[in-house]
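One-letter residues, chain by chain:
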Amino acid sequence: MDNNEEYFVISGKINGKRIESRILEEKLQKAVESGHRRIKVNAFGQHGIGGRLWRAGGEPVEIVVEGHSGQRVGSMGFPNTVIELTGPASDDVGWLNSGAEIVIHGHASNGVANAMAQGKIYVSGNIGSRGMTMTKRNPRFDPPELWVLGSVGDYFGEFMAGGVAVICGVAPQDRDDILGYRPFVGMVGGSVFFRGPYKGFSRADSKIVDITDSDWNWLTSNLEIFTRKIGKPELLETLSDRSEWRLIKALTPLERGGKTNRAMSDFRKAVWEKDLGTGGLIGDLVDFDRGLIPVITTGDLRRYKPVWENRKYDPPCAATCPTGIPVHRRWRLIREGKVDEAVALALEYTPFPASVCGYLCPNLCMQSCTRESAMLPAVDVTLLGKESIKAGIPEIPKPLGGRVAVIGGGPAGVSTAWQLRIMGHEAVIYDMAETLGGKLASAIPEDRIPPEVLSAELERVKAVIPNVGLEKRLSREDVEKLKSEFDYVVLATGAQKPRVLDFPGKERMITSLDFLRRAKKGNIKPGERMVIIGAGNVGCDVAAAGKRLGAESLLLIDVQEPASFGKERKHAEDAGAEFRWPCFTREITEQGVVLSTGELIPADMVVIAIGDAPDLDFLPDSVATDAGYVLVDENFRTSDEKVFAVGDMVRPGLLTDSIGSGRGAAQTVHKLLAGGAECNGERDMIDRNRVKTEYFDPRLAAFDDIQDAASQCASCGDCRDCGICIEICPRSAISRTPLSGEPYEYVVHEDRCIGCGFCVGACPCGVWNLIENFGLM
């Protein structure tokens, strides 16, 4: 082992405290990803060191482990990896090893080489029980090898199906059995060379065979490598006496033989008919069909049967999207080469697919992606969102006669009017601002969304919704008048009234909403030092905008741990913002913020960002409120049957919540205008365990374009028409049938289906389900 300067060193402790195994693995993976190929790990019991280092590609990686390693060193190791332990090893060294070379300068505990498929393990000592169990061999590659200088523990080679083990027997002199208790039970393949005393082995599964010249040449040439790897080349001469070595191999199926099983026909005649047939114990008392039933049944006799539940359930992405966008359908259209259709589909659900999905949304769809549960990167919806800027103007149907007034031109109000227009109704927006978009247009910093993107989407909105009345502040009387002139009124004025705290000097601070509006116009100077009271996402937006306008010191204080998250928190941290809590403000002076502790935090500008509340002064008495918000039912209808309310007037939420509530209210209004009942239908979300992520490449960590992303969508609950179920069915009981209204369906032929569930287990999308068969009930 070379000096430290030649190695990149990773410690298993930080500030004297042991770090978790997961953290150590992340550090190791990051080091390899950064180009380090010789790494020294100072271990303190961490598990799984050295496994899965695929980020190096084909380049060799050398890992030296000092200290005390935990379990599963080199588990799932790759062929490019060499791992050297300077001391003994814990359980399961080389578990599921796929090619790594592991050298242990000491003893190893239980489970060495368990289920190993490739690679080599060299142990300079003894090993514990169940070594080399369930090993396998792919004939395309060299077999796995385990070399042990000393002896092995109990149950060695249990269910061994491939590979080579070499047990040198250089052990304590008082050991009279180097193979341990019951070795080679269930052995079906592989070879074991050993020397030294032994008491026995499973002769029902294995046998001693002669060592051929070819076997001996292989053993001696590799013994030289083994002794050199463990640093004991002087033992080669001791281990080179051919007469001391034996070779064990698994019995062939023919050699195993077996007892003769009783034929079913003989059992039926000698036992079944004798006791239950005519003249038997109950034969004269019952009258049932005694005909033969196949061992594997079909039709009504199956215990279970598969059903094709295509599109019965929502995928997690669509189920968690507040706007309800069927993301998986858009990815399917991309795979089919229908990019324009995929882009246009979003307009059926939101007027802002590029601004929100591409830039502003925290992307709940990605957070809930089934791939995340398998530690795979979620399909990147932001790529598809940004592509949506290319969407044109949707086709507007002929007018159906409905007229709806929408009070508020923010995301919720625009969403409501947009949906009503594409459903064929007239929608008129009233807003007191200078332009449409609400906070989306007036307050969100430009470093979070390119101005040209939002401008383009607002132009598209204006083309679809021509009737917009801006700079109109409405009174109660105006609302009552709108109720009489329109079929329905939708309230969507949002939360425009900043919350403030009552303490001395509050007149010296500025509200976050005012600051962000002025910052977007560039007519405010924050000074060098900014203190922001309230460390939520809006406070983070204030910090990022303050940095852009020249502030050098950015401090966000809160009475509790900050609730900020996602892109807003990252933008603030990238701007150099600091967070402090718990901090309670006593007063604001010319010098800055004075805390309840008496500490003065210097500030040139103080911004309060503790949320905004709806302004409800214009509402008629017929609209009930509670705790400062409008009361609505599940369909966003208020206590006034002609009035609906959506967005932040109802409850605080994300942009997508506002857009989704606008869409929900519009759907209900559309149904009522058409003479139907209010709608409130949601589908259940598919169980993620039904979806098979094993079909996807775990090495793919990012997506270059929308085609790459579309190819990796699991299409949860929505058939990809792959035909795997047809190919895997052992009875050819599934066929694909074209339909007139739908493109196709998969049909089960019950006279051939045995209910084995292979289709369910293999379906990538989780479309197939296995249910109990009540055909005879």
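Residues numbered from 1 in each chain as written. Predicted model: local features only at pLDDT ≥ 70, side-chain atom pairs only at ≥ 80, totals over all residues. Heavy atoms only, no water.

1. Let's talk about the overall build of the protein
Then, number 1: Scanning the protein from terminus to terminus reveals 22 helices and 34 strands.
Then, number 2: What you see for the protein is a C-alpha radius of gyration of 36 Å, clearly larger than the 28 Å of a compact globule of 777 residues, by over 25%.
Then, number 3: Dimensions of the protein along its principal axes, counting C-alpha atoms only, are 105 × 85 × 50 Å.
Then, number 4: The contacts in the protein between residues at least 6 apart in sequence include a share of 62% that link residues at least 24 apart.
Then, number 5: With the model as given, the accessible surface of the protein reaches about 37,300 Å², and the carbon-plus-sulfur share is 50%.
Then, number 6: Of the side-chain charges in the protein, 92 are positive and 106 negative, and the distance between the mean point of each set is 2 Å. (Helix = DSSP H or I, 4+ residues; strand = E, 2+ residues; numbered from the N terminus. Rg over C-alpha atoms; globule rule 2.2 N^0.38 Å. Contact = heavy atoms within 4.5 Å. Areas by Shrake-Rupley, 256 points an atom, 1.4 Å probe, with all protein chains shown as cover. Lys, Arg positive; Asp, Glu negative; His and termini not counted. Charge placed at Lys NZ, Arg CZ, Asp CG, Glu CD.)

2. Some thoughts on the sheet that holds strand S31 (residues 643–645)
Then, number 1: Pairing is parallel in the open sheet, where five strands are placed in the order S17-S16-S15-S18-S31. Strands with a single pairing partner mark the edges of an open sheet, and in this sheet they are strand S17 (468–469) and S31.
Then, number 2: Judged from the five bridges that link them, strand S15 (residues 403–407) and strand S16 (residues 426–430) form a sheet pairing that is parallel. Across the sheet, Val 406 pairs through a bridge with Ile 429, a residue of S16. (Pairing = 2+ DSSP bridges.)

3. Observations regarding the domain arrangement of the protein
Then, number 1: By domain assignment, the protein separates into domain 1 (306–310 + 720–772), domain 2 (316–392 + 687–712), domain 3 (403–495 + 614–674) and domain 4 (500–610).
Then, number 2: The centre of domain 2, based on its C-alpha atoms, is set 35 Å off from the matching centre of domain 4. (Domains from an automatic or database assignment.)

4. Section: the side chain of Asp 380
Then, number 1: The topology assignment puts Asp 380 in the loop between helix H10 (370–373) and helix H11 (381–387).
Then, number 2: No salt bridge is formed by the buried Asp 380; the nearest opposite charge belongs to Lys 386, separated by 6.9 Å.
Then, number 3: Polar contacts involving the side chain of Asp 380 include one to the side chain of Thr 382, which spans 2.5 Å.
Then, number 4: Beyond its immediate sequence surroundings of up to four residues, Asp 380 is in contact with Trp 331, Met 366, Phe 703 and Ala 709. (Buried < 20%, exposed > 50% of the residue type's maximum accessible area, 1.4 Å probe, protein only. Salt bridge = Lys/Arg side-chain N within 4 Å of Asp/Glu carboxyl O. Polar contact = N/O pair within 3.5 Å; in protein donor to acceptor, adjacent residues only side chain to side chain.)

5. Focus on helix H18 (residues 566–574)
Two residues of an α-helix separated by three or four positions point the same way, owing to the 3.6 residues in each turn.
Then, number 1: Listed as buried for H18 are Glu 568, Arg 569 and Ala 572. One face of H18 carries all of its buried residues, which in axial projection span an arc of 95 degrees.
Then, number 2: Buried residues belonging to H18 abut helix H17 (537–548) and strand S23 (578–580).
Then, number 3: Where H18 ends, the next residue or the one after it, Gly 576, has phi of about 90 degrees, a positive value. (Arc of directions from axis to C-beta.)

6. Regarding the packing of helix H8 (residues 353–360) against helix H14 (residues 451–464)
Then, number 1: It is the contact of H8 with H14, at a shortest axis distance of 8 Å, that shows an interaxial angle of 150 degrees. When the interaxial angle is binned, H8 and H14 end up roughly antiparallel. Each of Pro 353, Ala 354, Ser 355 and Tyr 359 in H8 lies in contact with H14, whose residues at this interface are Val 453, Leu 454, Glu 457 and Arg 460.
Then, number 2: Classifying every residue of the contact of H8 with H14 by side-chain character gives five nonpolar, one polar and two charged. (Axes fitted to C-alpha atoms, helices over the stretch in contact; angles between N-to-C directions. Parallel < 35°, antiparallel > 145°, perpendicular 65-115°, else oblique. Nonpolar A, V, L, I, M, F, W, Y, C, P; charged D, E, K, R; others polar.)

7. Remarks on the pattern of salt bridges
Then, number 1: This model, assessed by the stated rule, comprises 41 salt bridges.
Then, number 2: The partner of Asp 176 in a salt bridge is Lys 199, and the shortest N-O contact between them spans 3.7 Å. Separated by 23 residues along the polypeptide, Asp 176 in the loop between strand S10 (161–167) and strand S11 (189–195) and Lys 199 in the loop between S11 and strand S12 (206–209) bring together distant segments of the chain.
Then, number 3: A salt bridge links Glu 224 to Arg 228; the shortest N-O distance between them is 3.4 Å. With a gap of four residues between them, Glu 224 and Arg 228 both fall in helix H2 (residues 213–229), about one helical turn apart.
Then, number 4: Judged by its relative accessible area of 47%, Arg 228 falls in the partly exposed class.
Then, number 5: Bridged by salt links that share partners, the residues Arg 311, Arg 332, Glu 336, Lys 338 and Asp 718 form one connected network.

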